[in-house]
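# Structural features, examined
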Amino acid sequence: AYEQEQVRLIQRAPQKAWPYKEKADALDAFVRMVLQDAKVANAEMRDFLYRDRIDLPVYAKALLGLALHREGGQADKLKMVLQNIEQFVVEDAENQTAYLRLPAGSPWWHWYGSETEANAYYLKLLSAVSPKDTKAAGLVKYLLANRKHATYWN
């Protein structure tokens, strides 16, 4: 019901008929991934998320990528989402690590702005899409080396 309501709000945006919503957001990406796990398809929301992917935080892009991968038949969209994420990847050959350098001004205080969570979900996406990718091993090493408070907070 939540996702259907968000689709309705986004569809109302061109007419500026209040209430409306201009773009799909991080919460929509999270809900889409969870519903895709439950095999609940919604092509309209998927298409809105893909259309608005540039404005999504990196974490939400990884969530969208997972949803696209699990849905199947979306190889072109998945490839584009991966390219959108990979522009933030930094590989450190000396330390054999890889991590996402989130853009300046990322909302670190929101759940979707967490650097650790973004790296973890990107690793989850890479593990599903291309597990032999060297970036996956680098992400694991980076996450292990940079965890804070062990499992106390994250």
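Right above here is the structure, for reference.
This is a predicted model, so every value here is computed, not measured.

Here the focus is the pairing of strand 2 (residues 97-100). Alternating positions in strand 2 separate into two faces, T97 and Y99 on one and A98 and L100 on the other, with burial throughout. Relative to strand 2, strand 1 (residues 89-92) runs antiparallel, the two being bridged by four bridges. Bridged to V90 within strand 2 is Y99.

Moving on, we get to the packing of aromatic side chains. Under the defined criterion, the tally for this structure stands at seven aromatic pairs. On the numbers, 5.6 Å between centres and 80° between planes, the contact of Y59 with W111 is edge-to-face. Here W111 lies in the loop between strand 2 and helix 6 (115-129) and Y59 lies in helix 4 (residues 58-71), a separation of 52 residues in the sequence. Aromatic pair Y59 and Y121: ring centres 5.2 Å apart, planes at 45°, arrangement tilted. Of this pair, Y59 sits in helix 4 while Y121 sits in helix 6, and the two are 62 residues apart along the sequence. For Y59, a relative accessible area of 6% corresponds to the buried category. Its relative accessible area of 15% is what places Y121 among the buried residues. Members of the aromatic cluster, each reached through a chain of ring pairs, are F30, Y59, W111, Y112 and Y121. One residue, R53, lies across the ring of Y50, its end atom 4.2 Å from the ring centre. The cationic tip of K77 hangs over the ring face of Y50; the distance from NZ or CZ to the ring centre is 5.5 Å.

Conventions and cut-offs
- Residues numbered from 1 in each chain as written.
- Predicted model: local features only at pLDDT ≥ 70, side-chain atom pairs only at ≥ 80, totals over all residues.
- Heavy atoms only, no water.
- Buried < 20%, exposed > 50% of the residue type's maximum accessible area, 1.4 Å probe, protein only.
- Helix = DSSP H or I, 4+ residues; strand = E, 2+ residues; numbered from the N terminus.
- Pairing = 2+ DSSP bridges.
- Phe/Tyr/Trp six-rings, centres within 6.5 Å; stacked < 30°, edge-to-face > 60°.
- Lys NZ or Arg CZ within 6 Å of the ring centre and 35° of its normal.

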